[in-house]
Amino acid sequence: MQQSNSTSLPGAEDKPAFVNRMFARIAPTYDLMNKLMTGGQDRRWRRELLDYCHLPPHGRLLDVGTGTGDIAYEGMRRFPSVQAFGADFTYEMMAAGVGKLPGRDLPFMQADTFKLPFADNTFDAVVSGFLVRNVVDRVAAFREQARVTKPGGRVVCLEITPPSNTILGPLFQLYFFAVVPLLGTLVSGDAGAYKYLPQSTVNFPSPQELKLHMEKANLHHVFFAERMLGTVAIHVGTK
Ligand SMILES: C[S@@+](CC[C@H](N)C(=O)[O-])C[C@H]1O[C@@H](n2cnc3c(N)ncnc32)[C@H](O)[C@@H]1O
């Protein structure tokens, strides 16, 4: 088992516990770090992800790996009739997100993305933001998200991707491997967590490969949009 402050990636078996402990530690400063790391662009990507959901009035939205709930809250703000739910296996992240929308509670539930506590065909859209980098079996994760999505509903995924543009590669590496860990250590006091972040992008599939993972999970008409000079992608699939 890895030490909690380890900077190397855990093995597949240890990864869920490692990820869970790491997010529990950084939960109090997670939102601030996101804003600093992305220059405030994260909110724009979450909004765009929600546009791709094509939610009907009074529809149901599930945000998996919801963390502090930002996608689900944004959904509640933009589409007031929609019923949103947030699921995550890290209690501390959800606790840090309670009460962000005055007058409306977001129902949070503690759940593993591989075993969502919902019946088949429950949601009009199932979304995730920066989750799939943290899981070992991405196809299984998408399959479980598709299971709880209604036929014709959408599974939408927002994630960091290795930039395809070769000129940008070294800049991305410098930012992710030098600037982010330094900023993360200053803000959260946790050097390990923000060294894990860049490492978790190293072997992450390209947008084209991630599209194939969604197709293997029986999602159809899969497409993706790249943002932030190809360092972020939004993938969309239909059940
Ligand atoms: C980088 S945070 C993203 C939070 C939020 N979606 C956002 O957009 O800011 C990743 C979240 O995924 C959660 N997570 C990782 N693996 C998970 C799993 N197997 N089941 C449920 N949640 C998981 C972590 O606890 C963490 O809160």
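Everything below is about the structure printed above this text.
Residues numbered from 1 in each chain as written. Predicted model: local features only at pLDDT ≥ 70, side-chain atom pairs only at ≥ 80, totals over all residues.

Along the polypeptide, Phe-108 turns up in strand 3 (residues 108-110). The class of Phe-108 is buried, set by 21 C-beta atoms lying within 10 Å. Separated by 40 residues in the primary sequence, Phe-108 and Thr-68 place their C-alpha atoms 9.4 Å from one another. Once residues within four sequence positions are removed from consideration, Phe-108 is found in contact with Thr-66, Gly-69, Gly-86 and Met-94. (Helix = DSSP H or I, 4+ residues; strand = E, 2+ residues; numbered from the N terminus. Buried ≥ 20, exposed ≤ 12 C-beta atoms within 10 Å, placed from the backbone. Contact = placed C-beta atoms within 7 Å.)

This next bit is on the sheet that holds strand 4 (residues 123-129). One open sheet holds the seven strands; their spatial order is 3-2-1-4-5-7-6, and the pairing between them is mixed. Across the chains shown, the open sheet's two edge strands, defined by having one partner strand only, are strand 3 and strand 6 (220-227). Ignoring which end each strand starts from, the neighbouring axes of this sheet average 20 degrees apart. Bridging between strand 6 and strand 7 (residues 232-238) involves six bridges; their strand directions are antiparallel. Bridge assignment links His-220 to a residue of strand 7, and that residue is Thr-238. Relative to strand 5 (residues 149-160), helix 6 (residues 138-147) is tilted by about 145 degrees, and along the sheet it contacts strand 1 (60-64), strand 4 and strand 5. (Pairing = 2+ DSSP bridges. Axes fitted to C-alpha atoms, helices over the stretch in contact; angles between N-to-C directions.)

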